[in-house]
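The residues making up each chain are set out below.
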Amino acid sequence: MRTLARLGLAFLALGALACGGADEDDGVDSARVWQFLSQPVFEADGAILDRRPEPVAERQAFFGDLHVHTTNSFDAYAFGTLATPDDAYRYARGAAIPHPGGFDVQLRQPLDFYAVTDHALFLGVAPAAADTEHPFSRYEVAQPMHDLNAPDNMDLTSVLQRIGIFSSFLPSLVPAVREGKIPRAEVEAIIGSAWRDTIDAADRWNDPGRFTTFVAYEYTSSSDDRGNLHRNVIFEGSDRVPAIPFSRFHSQNPEGLWDWMDALREQGVESLAIPHNSNGSNGQMFKLEDWAGDPMDAAYTTQRIRNEPIVEITQVKGTSETHPALSSRDEWAGFEIMPFRVATNLPSEPAGSYVRDALRRGLALERAGVPNPYAFGVIGSSDTHTGATSDDESNFFAKLGILDSTPQLRGSVPLGLIPRLVLQFTAPEMSTVVGDESYLQTPSPTFGASGLAGLWAEENTRESLYAALRRKETFATSGPRIRLRFFAGYEYPEAMLEEEGVMTRAYESGVPMGADLAARPGESPRFLVWALADPAGTPLDRVQIVKGWIDAAGETSEFVYDVACSDGVAVDPVTHRCADNGATVDLADCSTSPGSGATQLRVLWQDPDFDASERAFYYARVLENPTCRWSTWDALREGVPPRSDLATTIQERAWSSPIQVVPAG
C-alpha cells in the first residue's frame, strides 16, 4: 500500500508540473517537488548528434525525378490531381498517396531526390478558379471550373465532360488577361503565392544527406506550329530565388528565358534549364537557326549551353534518343517512340527533334567555328501530372490523372459496348479500330513507364547533386535503377578492371561522362563502361557504345558498337554485335526465362575506327533482357489479347551522358 501511495503521489506531482502548478487542496507539496528538481541530475554534455551520412571515397549514384506536376499546374488540376507539392515529396520518400482515379499509388522503393516543376504559366490559377470561396472564381471564365474535383466514377461521359471544361478554360482565360478583363496583378498574386508554397514545400522536405529537393518549375512554350519547346528550370538553392518565375507570359522565345537566367546569375542566383520532349518539337528544339531564323553565332550558342547543359532523353511521353528515320543502322532506334507534337495528334518531324541528331548537328556547328550548343548531358524524368512518378511497367498508372487512369482510357484494352456507343455518337474521332476491336484514340498508347535521372555525386545534397548536373556526370534510365558508369582515357591499362581502386584511377587518368577528352595524334583512348543491373529488376543483355563523328568532308555519321555481351558471349568483330542471349518472355503471364543475362557488365574498349583528327562523341547505352510492356500487363490483367499494333515487350535501358572528343590541333 505504501508503494502504491508513493506512485500516486508521483503521478500527482507530474500532473502538477504539466499544468504549471497544483491546486491548493490536492495534498501535494509542489514546492518540495520543484526543490528536488532544482538539484542537478545530469552533467552537461556537449556531444553533437551528427546525422550526416559517412563521407564516401568516391561518387555514388543517386536516382530521382526532376519533372513532377501537382495540383498547382493548370492541366494537372483539370486531370483531377489534388496532390500538393508536399504530397509529391511524401510520395518520393516512399509513402502512398491517392491517385485521381480513386486508388493509392506507391513507389517500389524511395527516391534520392525530387523536384516539383509545376507550370509557371498560370501557376495555381486553376485551383483558385475552382474554389468558389476564392475571389478569382467570380470571373466568368472561372465558372466552368467551379468545384471541379475528381468525379465519383470513371465513366467515359465524365471524362469527356472534363476534357471539354479543360479545353475551354485556357483559351478563354488568356485573352481575358490580355484585354484587361482580369487584372494582371491579380493573376500574378495567385502565381506568386503558389510559387512561395512550392519553395516552402521544397525546403520542408529537403533533408541533406538523405533526400534532396530542388526549387524548380516548368517554362511552357511552343513554336507557332505547335512544336514543343518546354524546359524545366532547376535552382541550385532556395535562399535567393525569383519572386515570380519566368513563363510564356514573359516570352514565347526561350532566348528570353536565358537572358532572365543570366540576369539572375549576375545577382548570385544560379539555375539551369532542361529541355524535354524534344521528340514532340516538330524539329524546333534542336534546329540550326536562332528564334529569328538567323544562323547561330558564338553569342547564341555560348549562352544556350551555359543555361542548358542537360536534356531530358526519356519520359512518359516517349523517348527522345533517336528515331528509325534518323538512325537506320541502329536496330534499337524504335524504342518507345511518341510520334506526335505534344498535346496534339499532329505528326512531329524527327529531324531536329532527337538527342542523337542534335549531338551530330553540334559537331557540324563546331567544325564551322561556332561553339557547340548541343554538347549536353542527359537525364530521364517522368513528367507525371499526378505528383507521383510512374516508372514500373507492371504497375503503370500513366500521367494524365483520371484521363488515363484505367486500361480502357489508356487505349491498351478494347472499349466495352457502352463506351463504344458513347463515342460513336459524341466523339467518333476519339475511337480507332485495330483488328476487330475498338480502342480509345489518344496519344496514351505511345506513352512509356519512364524515366529516372541518375547523378554521380559525393553526397545527397543540393550542392553536390547540382554540381553533378553542371558537370554533366549524369545518366538516364527508362525506369529501372541501372547504375551506369562511363569514362575515357589514354592511361587505362588492359588489366585495370581487375585492380583495386579502379574508380579512383578512372577519374585520375581520364574523364567521366559529360566531359571533353582531348585527342592525341597517333593514340587511341580506351573507354571504360561499367553497368550494374537493378537489384530488384531484370538482368542485363548487353552494353553498347554509340559513336557519332564528322569527317573531313563535313559529313556526319554514327554507329552503334556492342562492347560487352551477357553470358560470356564474345562480340562479333565484323558486325560488332552480340549474339541473342536467348532471353524470352511468356506473354501468357509475363514471366521471363531464367538463366540468361548478367547482373553486371564491364569492359575496356577501343574504337577500331578511331581518328584523332575527327570531332566525335561517344555515349554508353545498356539494355536489359526483354520484359512485358505496360500495355501487355494491362491486357493480361483484363484477360484480353495485347493490342496488336503495340509492342508486347520492350528492353528497358540506360544512357550515359556523352564524352566529346576534341580533335588534335
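All of these numbers come straight from a predicted model, not from anything done at the bench.

Caption draft 1: Region of the structure containing the packing of aromatic side chains. One pass over the full model with this rule turns up 27 aromatic pairs. Three or more aromatic residues link up through ring pairs in this structure, and these residues are Trp-195, Tyr-217, Tyr-219, Phe-235, Phe-246 and Trp-260. The aromatic ring of Trp-456 is capped on one face by Arg-485, whose charged end is 3.7 Å from the ring centroid.

Caption draft 2: Spatial organisation of the environment of Arg-108. If you trace the backbone, Arg-108 turns up in the loop between strand 3 (104-105) and strand 4 (113-116). Taking the C-alpha atoms as reference, Arg-108 lies 9.1 Å from Ala-536; in sequence the two are 428 residues apart. Sequence-distant contacts of Arg-108, that is, excluding residues within four places in its chain, are made with Asp-391, Asp-392 and Gly-479.

Caption draft 3: Structural view of the pairing of strand 11 (residues 377-380). Side chains Gly-377 and Ile-379 of strand 11 all project onto a buried face; the interleaved residues Val-378 and Gly-380 project onto the opposite face, where all are buried too. Pairing of strand 9 (residues 310-315) with strand 11, which is carried by four bridges, proceeds in the parallel orientation. Bridge pairing in strand 11 places Ile-310 opposite Gly-377.

Caption draft 4: Representation of the packing of helix 8 (residues 254-266) against helix 9 (residues 298-307). Contact pair helix 8 / helix 9: the axes reach a minimum separation of 10 Å and the direction vectors enclose 70 degrees. In terms of orientation, helix 8 lies roughly perpendicular with respect to helix 9. At the point where helix 8 passes helix 9, the crossing takes the left-handed sense. In this structure, helix 8 contributes Glu-255, Trp-258, Asp-259, Met-261, Asp-262 and Arg-265 to the contact, and helix 9 contributes Tyr-300, Gln-303, Arg-304, Arg-306 and Asn-307.

Caption draft 5: Up close: the state of the cysteines. Using the criterion set out here, one finds two disulfides in the structure. There is a disulfide in this structure between Cys-565 and Cys-578, and the S-S distance comes to 2.1 Å. A torsion of -85 degrees about the S-S bond marks the disulfide between Cys-565 and Cys-578 as left-handed. In this pair, Cys-565 sits in strand 21 (residues 556-565) while Cys-578 sits in the loop between strand 21 and strand 22 (585-586), placing the two residues 13 residues apart along the sequence. When sorted by exposure, Cys-565 lands in the same class as Cys-578, which is buried. The disulfide partner of Cys-590 is Cys-628, and the gap between their sulfur atoms is 2.1 Å. Across the S-S bond of Cys-590 and Cys-628 the torsion is about -95 degrees, and the bridge reads as left-handed.

The rules behind the values
Residues numbered from 1 in each chain as written. Predicted model: local features only at pLDDT ≥ 70, side-chain atom pairs only at ≥ 80, totals over all residues. Heavy atoms only, no water. Phe/Tyr/Trp six-rings, centres within 6.5 Å; stacked < 30°, edge-to-face > 60°. Lys NZ or Arg CZ within 6 Å of the ring centre and 35° of its normal. Helix = DSSP H or I, 4+ residues; strand = E, 2+ residues; numbered from the N terminus. Contact = heavy atoms within 4.5 Å. Buried < 20%, exposed > 50% of the residue type's maximum accessible area, 1.4 Å probe, protein only. Pairing = 2+ DSSP bridges. Axes fitted to C-alpha atoms, helices over the stretch in contact; angles between N-to-C directions. Parallel < 35°, antiparallel > 145°, perpendicular 65-115°, else oblique. Left-handed = near helix turned anticlockwise from the far one by under 90°. Disulfide = S-S within 2.5 Å.

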